[in-house]
Amino acid sequence: MIGNSLGTGTISLGGSGNINLSGDPLYAYSLTLQGAASPLIFNGGLTLANNQTLTLNLGTGTVTTPYIGTDVTIGGGAGTLSILSAGAVGTLGSPLTTALGILSGAVITPGGLYLSNTGALSITGALNVAGDVDITTQSGDLTVSQSVSGANLSLISAGNLSM
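Rules and cut-offs
Residues numbered from 1 in each chain as written. Predicted model: local features only at pLDDT ≥ 70, side-chain atom pairs only at ≥ 80, totals over all residues. Heavy atoms only, no water. Helix = DSSP H or I, 4+ residues; strand = E, 2+ residues; numbered from the N terminus. Buried < 20%, exposed > 50% of the residue type's maximum accessible area, 1.4 Å probe, protein only. Contact = heavy atoms within 4.5 Å.

A.B. asks: How do you make sense of the side chain of Asp71 when you look at a structure like this?
C.D. replies: By the secondary structure assignment, Asp71 is in the loop between strand S8 (62–64) and strand S9 (72–74). Accessibility expressed as a relative area gives 0% for Asp71, which makes it buried. With sequence-adjacent residues up to four places away left out, Asp71 is seen in contact with Phe42, Gly44, Gly45, Leu46, Thr65, Pro95, Leu96 and Thr97.

What follows is the structure, encoded as structure tokens:
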């Protein structure tokens, strides 16, 4: 876990290069980034071991990604992103770029959720977003098995779209 549940400081990842936490599979672990109003900036890519979970619990903090490349990589097909709370994730012009298999839910207010995934993506938890929802798979299918709510919805799949 990185951050403080009452914190407001910026969490900046990858300022000196990409961060690879995939390491030895015997010591694989998930990661939680937290704060009450902590902005998260992807200045490089973050890689977790196969089938692990990245949890964002940022309160009203926004997620921005000036990095050119994949922001979050979690292989194994069950690699998961869980957004417990955030003020906004990505922008239309600079979405959060991922290579993972599962988006297990999101609570985002007051902003939107902008995500571009490489590979198949399953939305397995409800997405409750005050702003726009724009999710694209650059390759693979997009499967939505839970409710998706937002001001404007855009779900685009390079493969099949199942709802």
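That was the structure; now back to the text.
A.B. asks: Help me out: how do you make sense of unusual backbone geometry in this one?
C.D. replies: If a residue is not glycine, its phi is most likely negative; likewise, a peptide bond is most likely trans. In this structure, the amide linkage connecting Thr109 to the following residue, Pro110, adopts the cis form with an omega of 10°. Note that Pro110 resides in the loop between strand S13 (102–108) and strand S14 (113–118). Located in the positive-phi region is Asn51, a residue other than glycine, with phi close to 65°. The topology assignment puts Asn51 in the loop between strand S6 (46–48) and strand S7 (53–57).

A.B. asks: Where do I start with the side chain of Gln52 in this structure?
C.D. replies: Positionally, Gln52 belongs in the loop between S6 and S7. On the basis of relative accessible area, Gln52 is assigned to the buried category, the value being 16%. Among residues more than four places away in sequence, those in contact with Gln52 are Ala28, Tyr29, Ser30, Ile74, Ala78, Gly79 and Thr80.

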